[in-house]
Protein chains: 4
Amino acid sequence: MERRILLTECQDAVGIIAKITNVCFQFKLNIIRQDQFASQEDNKFFMRTVLEGDFTNETTIDAFINTVKVVLPEGAIVHLKDDHKKKLCVLVTKEAHCLGEILMKAYSGALNADVVCVAGNYPDLGELAEKFNVPFKLVSTDGITKEEQEKQMMKVIDECNADYVILAKYMRILSPDFVNHYPLGKIINIHHSFLPAFIGAKPYLQAFNRGVKIIGATAHFVTNNLDEGPIIEQDVIKVTHRYDPETLAKAGHDVEQMVLIRAISKVLDDKVFIHGNKTVVF
Amino acid sequence: MERRILLTECQDAVGIIAKITNVCFQFKLNIIRQDQFASQEDNKFFMRTVLEGDFTNETTIDAFINTVKVVLPEGAIVHLKDDHKKKLCVLVTKEAHCLGEILMKAYSGALNADVVCVAGNYPDLGELAEKFNVPFKLVSTDGITKEEQEKQMMKVIDECNADYVILAKYMRILSPDFVNHYPLGKIINIHHSFLPAFIGAKPYLQAFNRGVKIIGATAHFVTNNLDEGPIIEQDVIKVTHRYDPETLAKAGHDVEQMVLIRAISKVLDDKVFIHGNKTVVF
Amino acid sequence: MERRILLTECQDAVGIIAKITNVCFQFKLNIIRQDQFASQEDNKFFMRTVLEGDFTNETTIDAFINTVKVVLPEGAIVHLKDDHKKKLCVLVTKEAHCLGEILMKAYSGALNADVVCVAGNYPDLGELAEKFNVPFKLVSTDGITKEEQEKQMMKVIDECNADYVILAKYMRILSPDFVNHYPLGKIINIHHSFLPAFIGAKPYLQAFNRGVKIIGATAHFVTNNLDEGPIIEQDVIKVTHRYDPETLAKAGHDVEQMVLIRAISKVLDDKVFIHGNKTVVF
Amino acid sequence: MERRILLTECQDAVGIIAKITNVCFQFKLNIIRQDQFASQEDNKFFMRTVLEGDFTNETTIDAFINTVKVVLPEGAIVHLKDDHKKKLCVLVTKEAHCLGEILMKAYSGALNADVVCVAGNYPDLGELAEKFNVPFKLVSTDGITKEEQEKQMMKVIDECNADYVILAKYMRILSPDFVNHYPLGKIINIHHSFLPAFIGAKPYLQAFNRGVKIIGATAHFVTNNLDEGPIIEQDVIKVTHRYDPETLAKAGHDVEQMVLIRAISKVLDDKVFIHGNKTVVF
């Protein structure tokens, strides 16, 4: 008995859940957990179904997926996911906290993923990556165009065959060409503020100047709108007038690493659907 | 087009979701939202399904419920709930904060319920109840036995025909006879601590003496084990060494009223199943 | 033995705390609690000192305050506050939750204040105010200019002799003339979002469209920059893709009332200093 | 200009703050931040004063400390702390998360400390310590008495000259002899539950069986009362009926590492006083 996760996404219609669960029953697959969401806004249907059963026969699996597709409205997206360890490529600049947390959680097994490559535009975090036996690639911006540097970075990412690219405080704005080179949902960014407040650079200085009593962090999928991709996870911590930009940043790092790890975990568990510029997170 | 909530509870088995959703489809009921839980511990299945459709024909409704029952394992519990306003009877002693929050939220419409009666063992909160035109019944303990006082209190509750009895800081321990007089799930209590810490009396003094950095509150269904019924909702707030028993209690009141209101809201929304000594809260 | 709160605010300098506490000692006043903050940014010093002693002799009190002033740099602001109940004038439109919480907490004694007047631009909340025996003044905008309506509103406020004006979801933007009519720090507003995100109208619709996972509220002093006054208190709650604009607003109401009450409590306890466009909150 | 932290602890008396701050002024030390607490319970006074000035002359420093002592009641405890990096010895068993977080934060500089030794009763975490170039000492319990094993462990601790001993999920109960070998305040433990709930072993199974909606963690100083030492820091996270003992434990690990790191940070910043069986945390 194994487990698989069935992800379905289509236009909503009466009877969809019955149809899908019937197919599961017909293929003798037990439903361990099921979450569904129907958006009132645009009539979209999303469902995540954890199945238990015999998945050894490839032909039967294909038949199962096809039967699900047949009962659903045209244009339905159907995936059956197993729980193999996903591969992460982590892009960094100089700050260690997010990368450190990812490496540690992958090392301890708390994160069901392998970090296959760390790539940075500065060499600072090479030592940390190598502690965990992860190859570090320096893709410097020195003396080359942004276009050239991005080309080299895409080569690094493509060669390591990563399932997801994590921007763990990678302090470069990606060009549209870079973003478009990858399917939506593959690149995850941690933004050092509670979006949509303090969009852009120096959010901790902005927060200090505004005198806020709470700071936050936002993990989101990357699109070509800066800091505007679908939000996966957000959290905050309380601060006081005693914080200066430096201690705000230090406190912010804790939220950043926590929010990023939670977002990655949910994506790895196939709990996140992209829904326009938003997400559905089960 | 109306909405109803279908609640199903039975032994788990392969195909249960398919069977139930098939019946919904057959009766042309659209599923707006569905949550299910299968307990690995004891193989129990719980499902809450929000349905949209035509519920005007009583015969059809009965047929629908019966068909659901037929497809489920023996012993299944099936309810179809409409969203009529439930009636609350609130039991109090002297502290106003929980009663006040219930009355206010019922008044503003944030709580989908009518407070039909407030009953107290002291007269202190009569004035508050009457501000909101809710009858107040004094059921004093003076000069009578506990048994007699409880008998009078049960009479008050039974006469007001309440769907739920809320112990909003009612500082009397209910006898087994009182508790057994009502079905499990009808009486909700707010406990002034984060159970299972500080069971029993004077939790804020206990918390002060222990020097905790967090205090909490717990809303639970009442059973005959003191402070041991199924927990519906809990929350906490942070405190420091500067709090004394009095300011701890004041801070605690805020958590108590918040936790109690959230628990009542979830119960009113038919989101809470009792599962042995625990709850399933969708 | 009584308690008073000494508030001091001046340019920072070496020895300030020693000088002030010496004066306290000299006047035989025991320090129960003392909080101080020195801003590195602009070298401003703020201190709140809770004193216990004999404050019956007015001449001695005056001498004490003057002696404190004398030892401090020129331009120092010195206040000695007693704990008499402050008077609140609450401005509202149609939403009951914030007003309800203020009235209830004032009634139960959890808020050390008297609500002396509720004024609304709509009649909807008159009934609620009157439940608590608080006069309600309708200052409608119908058929009159904004200027005229504000003039009437200022008259209402001035006549009730309020210490603080609470905008408890008063959905009118105040003119500069109105704001300037009162000293900075007298008017407190609750903003229905986590500032600086979603400035302006319909924040819950904005939050829904952006797909945020957290919503918040901000209590701040009112200045002539819309939604830009010194922030006193902020908090958030988590939301999911299941929230629509309406349920977001309902959830938001809970944070709004909680944040507003906390801000008012801190202001009533003389724990809040205004520091440029920020606050120092002890 | 350097910074030092003055810690004072004594019986409360009128004028204490004036006396101490006078001495600071007399020695030309500027007060950057000051926090004080006077316990109403037992009339104890605690103060932490961050000073800025010239601390190069040892004779002057000694004179300063002595002068502070002279002005305070008999029995006063006075310390002047500099901010040299403290040395940590971390005791572990098999779980990596708390050790990992400590090593990473010390590596990145977020924790102002050097981990000088990791000692375990199992060899599992040796690899992790060595990644960060920290010596790992295996002090196995195999084939020797508890007394003997503790003797060896104390030797390891004493030889590394640690300022603090961190029990980072060290799953052995320390004997009174071990505890008494060190001054109170030197050993910090992370307890895998929200004390005083679920004292003792298997807290996550206990939490599962009780059906709680929140789990927590507690960092405390170690005394000879199991799980009863002065609490430094606590926090919680929300859980649901969907958590089993394993996922509860995984969620619990996140709170444990967060709470432990916060407690260590505060201790390293000299913000924590021990007050009987409680703490004062500034």
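Right above here is the structure, for reference.
The structure contained in this document is the topic of the report that follows. (Residues numbered from 1 in each chain as written. Chains lettered and ligands numbered in written order. Predicted model: local features only at pLDDT ≥ 70, side-chain atom pairs only at ≥ 80, totals over all residues. Heavy atoms only, no water.)

Our focus in this paragraph is the overall build of chain A. Of regular secondary structure, chain A possesses 8 helices and 13 strands. Its C-alpha atoms give chain A a radius of gyration of 21 Å, near enough to 19 Å, the size a compact globule of 282 residues would have. Overall, chain A is about 60 × 40 × 35 Å in size when its C-alpha atoms are taken along their principal axes. By the burial criterion, 58% of the 282 residues in chain A qualify as buried. A sequence separation of at least 24 residues applies to 67% of the contacts in chain A between residues at least 6 apart. Accessible surface, chain A: about 11,400 Å² in total, of which carbon and sulfur atoms supply 50%. (Helix = DSSP H or I, 4+ residues; strand = E, 2+ residues; numbered from the N terminus. Rg over C-alpha atoms; globule rule 2.2 N^0.38 Å. Buried < 20%, exposed > 50% of the residue type's maximum accessible area, 1.4 Å probe, protein only. Contact = heavy atoms within 4.5 Å. Areas by Shrake-Rupley, 256 points an atom, 1.4 Å probe, with all protein chains shown as cover.)

A word on the interface of chain B and chain D. Listed as interface residues are 34 residues of chain B and, on the opposing side, 34 residues of chain D. The junction of chain B with chain D conceals about 3,000 Å² of combined surface from both sides, 56% of it contributed by carbon and sulfur atoms. Across the chain B-chain D interface, the total number found is 6 salt bridges. A salt bridge links Glu228(D) to Arg210(B), with the nearest nitrogen and oxygen atoms 3.3 Å apart. (Buried area = accessible area lost by both parts, 1.4 Å probe. Salt bridge = Lys/Arg side-chain N within 4 Å of Asp/Glu carboxyl O.)

With that out of the way, let us pick up the relation of the copies chain D and chain A. The two copies are related by a screw operation: chain D maps onto chain A through 180 degrees of rotation and 0.0 Å of translation along the axis, at an RMSD of 0.0 Å. These values place the two chain copies in the arrangement generated by a two-fold rotation axis. Identified as the residue of chain D closest to the rotation axis by C-alpha distance is Lys131(D), at 2.7 Å. (Least-squares fit on C-alpha atoms with pLDDT ≥ 70 in both.)

Laying chain B over chain D is done by rotating through 180 degrees and shifting 0.0 Å along the axis; what remains is an RMSD of 0.0 Å. When the interface residues of chain B are mapped onto chain D, 100% of them are again interface residues, pointing to one common binding face.

Attention now goes to the sheet that holds strand β6 (residues 113-120) of chain B. All names here are of chain B. Reading across the sheet, the 7 strands line up as β7-β6-β5-β8-β9-β10-β11 and stay open at both edges, with mixed pairing between neighbours. For this open sheet the edge positions go to β7 (136-138) and β11 (231-238), each flanked by a neighbour on one side alone. Direction aside, the axes of adjacent strands within the sheet are offset by 20 degrees on average. Strand direction decides the pairing type here: strand β9 (residues 187-191) and strand β10 (residues 214-221), joined by 4 bridges, are antiparallel. Among the inter-strand pairings, Asn189 is bridged to a residue of β10, identified as His220. In this fold helix α8 (residues 245-268) packs onto β5 (86-92), β6, β8 (164-167), β9, β10 and β11, with an angle of close to 150 degrees to the strand it touches most, β11. (Pairing = 2+ DSSP bridges. Axes fitted to C-alpha atoms, helices over the stretch in contact; angles between N-to-C directions.)

Ranked by size, the top nonpolar core spans 79 residues in total, and within it Ile102(B), Ile166(B), Ile102(C) and Ile166(C) carry the most contacts. The leading source of residues in this core is helix α8 (residues 245-268) of chain C, at 9 residues. (Core = buried A, V, L, I, M, F, W, Y, C linked by side-chain atoms within 4.5 Å.)

On to the packing of aromatic side chains. Tallying each qualifying case throughout the model produces 22 aromatic pairs over all chains. Ring geometry for Phe178(A) versus Tyr182(A): centroids 5.7 Å apart, planes at 50 degrees, classification tilted. With a relative accessible area of 1%, Phe178(A) lands in the buried category. Taking the centre distance of 5.7 Å and the plane angle of 75 degrees together, the rings of Tyr107(C) and Phe132(C) count as edge-to-face. Remark: Phe132(C) occurs in the loop between α4 (126-131) and β7 (136-138) and Tyr107(C) occurs in helix α3 (residues 97-108); sequence separation between them is 25 residues. Aromatic rings pair up to connect Tyr107(A), Phe132(A), Tyr107(D) and Phe132(D) into one cluster. The cationic tip of Lys278(D) hangs over the ring face of Phe208(B); the distance from NZ or CZ to the ring centre is 3.4 Å. (Phe/Tyr/Trp six-rings, centres within 6.5 Å; stacked < 30°, edge-to-face > 60°. Lys NZ or Arg CZ within 6 Å of the ring centre and 35° of its normal.)

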